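Fold and contact review
The chain contents come next:
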Amino acid sequence: MDFFEHAGKKAIGSRLRFLTEILTRDASDIYELYGVDIKPKWFPVFYSLIYEQPQNVTSIAKGIGQTHPSVSTIVKEMKKAGIIQEMDDKEDRRRTLISLTEHGMFLYKKLVVQLRDVEYAVDSVSSECDNDLWAAIADWEKALARRSMVDRVREIKEKREQLSLDKSLISNELY
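Residues numbered from 1 in each chain as written. Predicted model: local features only at pLDDT ≥ 70, side-chain atom pairs only at ≥ 80, totals over all residues. Heavy atoms only, no water.

Considering the overall build of the protein chain
Cut-off, in case you're wondering: What counts as a helix is a DSSP run of H or I of at least four residues, what counts as a strand is a run of E of at least two, and both are numbered from the N terminus. By definition in these notes, contact holds between two residues if any of their heavy atoms fall within 4.5 Å. Values of accessible area rely on a 1.4 Å probe in the Shrake-Rupley scheme; residue burial ignores everything except the protein chains shown. His is not counted, nor are the chain ends; Lys and Arg add positive charge and Asp and Glu add negative charge. Throughout, a charge is located at the NZ atom of Lys, the CZ atom of Arg, the CG atom of Asp or the CD atom of Glu.
Helix and strand content of the protein chain: eight helices and three strands. Along the protein chain, helices and strands appear, N-terminal first, in the series α-α-α-β-α-α-β-β-α-α-α. On the principal axes, the C-alpha backbone points of the protein chain span a range of 80 × 45 × 25 Å. Across the protein chain, the fraction of contacts at a sequence separation of at least 24, relative to all contacts at a separation of at least 6, is 49%. Accessible surface computed for the protein chain: about 13,500 Å², of which carbon and sulfur atoms make up 57%. Separation of charge centres in the protein chain, based on 27 positive and 29 negative side chains, amounts to 5 Å.

What to know about the packing of helix H2 (residues 12–34) against helix H6 (residues 102–127)
Counted only if it meets this: To get an axis, fit a line to the C-alpha atoms, keeping to the stretch in contact for a helix; angles then go from 0 to 180 degrees between the N-to-C directions. Should an angle lie under 35 degrees it is considered roughly parallel, over 145 roughly antiparallel, and from 65 to 115 roughly perpendicular; all remaining angles are considered oblique. Crossing handedness is read from the near helix: turned anticlockwise from the far helix by less than a right angle, it gives a left-handed crossing, and turned clockwise, a right-handed one. Residues are grouped as follows: nonpolar covers Ala, Val, Leu, Ile, Met, Phe, Trp, Tyr, Cys and Pro; charged covers Asp, Glu, Lys and Arg; every other residue, Gly included, is treated as polar.
Where H2 contacts H6, the axes come no closer than 10 Å and their chain directions differ by 130°. Considering their axes alone, H2 and H6 lie oblique with respect to each other. Between H2 and H6 lies a crossing of right-handed hand. Where H2 abuts H6, its residues Ile 30, Tyr 31 and Tyr 34 lie against Lys 110, Leu 111, Val 113, Gln 114, Asp 117 and Val 118. Each residue belonging to the contact of H2 with H6 can be placed in one class, and the counts come to six nonpolar, one polar and two charged.

What to know about helix H4 (residues 57–64)
Stated formally: Accessibility here uses a 1.4 Å probe with only protein chains present; expressed as a share of the type maximum, an area under 20% marks a residue as buried, one over 50% as exposed, and anything in between as partly exposed. What the arc describes is the spread of directions from the helix axis to the C-beta atoms. We call two N or O atoms a polar contact when they sit within 3.5 Å, provided that within protein one can donate a hydrogen and the other can accept it, with sequence-adjacent residues counted only if both atoms are side-chain atoms.
Buried residues of H4: Val 57, Ile 60 and Ala 61, and no others. Viewed along the axis of H4, the buried residues span an arc of 100°, placing them on a single side of the element. Of the exposed residues in H4, the ones pointing more than 90 degrees away from its buried face are Lys 62 and Gly 63. Considering only its buried residues, H4 is in contact with helix H3 (43–51), strand E1 (55–56), helix H5 (68–80) and strand E3 (96–100). Between a side-chain oxygen at the N-terminus of H4 and the backbone nitrogen of Thr 58 the separation is 3.1 Å; the capping residue is Asn 56. Looking one or two residues beyond H4, the residue adopting positive phi is Gly 65, at roughly 75°.

Considering the side chain of Ser 48
By the secondary structure assignment, Ser 48 is in helix H3. Residue contacts for Ser 48: discarding those within four places in its chain leaves Gln 55, Ile 60 and Ile 64.

Structural notes on the environment of Arg 152
Examined against the element boundaries, Arg 152 turns out to sit in helix H8 (residues 149–174). Sequence separation between Arg 152 and Thr 20 is 132 residues; the distance between their C-alpha atoms is 24 Å.

Things to note about the pattern of salt bridges
Pairing between side chains becomes possible if they bear opposite charge and their charged atoms approach one another. Basically, it comes down to this: Salt bridges are defined as contacts in which a side-chain nitrogen from Lys or Arg sits within 4 Å of a carboxyl oxygen from Asp or Glu.
Summed over all chains, the structure comprises six salt bridges. The partner of Glu 86 in a salt bridge is Lys 79, and the shortest N-O contact between them spans 3.1 Å. Note on Glu 86: relative accessible area 37%, which makes it partly exposed. Residue Glu 161 pairs with Lys 157 through a salt bridge whose shortest N-O separation is 2.7 Å. On the criterion of helical spacing, the pair formed by Glu 161 and Lys 157 is a turn pair, its members being four residues apart in helix H8.

If you want it as structure tokens, here you go:
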């Protein structure tokens, strides 16, 4: 039995997690293929720093849609790997600024070719599909930003429970 066929849309979180695991595993192999020694989870921070540096953890987190603690953890890992460096913000001593090291810039130059090839590969997969996953994900993100899945399920639950309550009241009134 194929779990996802049987469970259907109820398992959307599990199915997306499964797809993410496949793509993350492939990403690790692709980095290795190109000799780029970074972890897939570092990519958003790394990419953010390519286009604007120095930055502080708060601005990176906001820009990539991750939490401050998760970005702080990634920054520590990347610093240990020699990819980024930290420095005090001259305008605000309470903040720490992050930028790529010379090694980080070297990795970026290697990454440029890889990113172009990955984009072509994504286009290749997309051409084999009936639906545009990238556009669908963006649509889902917008819809869930307007109203979360929890709010939607809560509303359905409340309506169902109210309907059930109304039916039981009607049944009790008949007797």
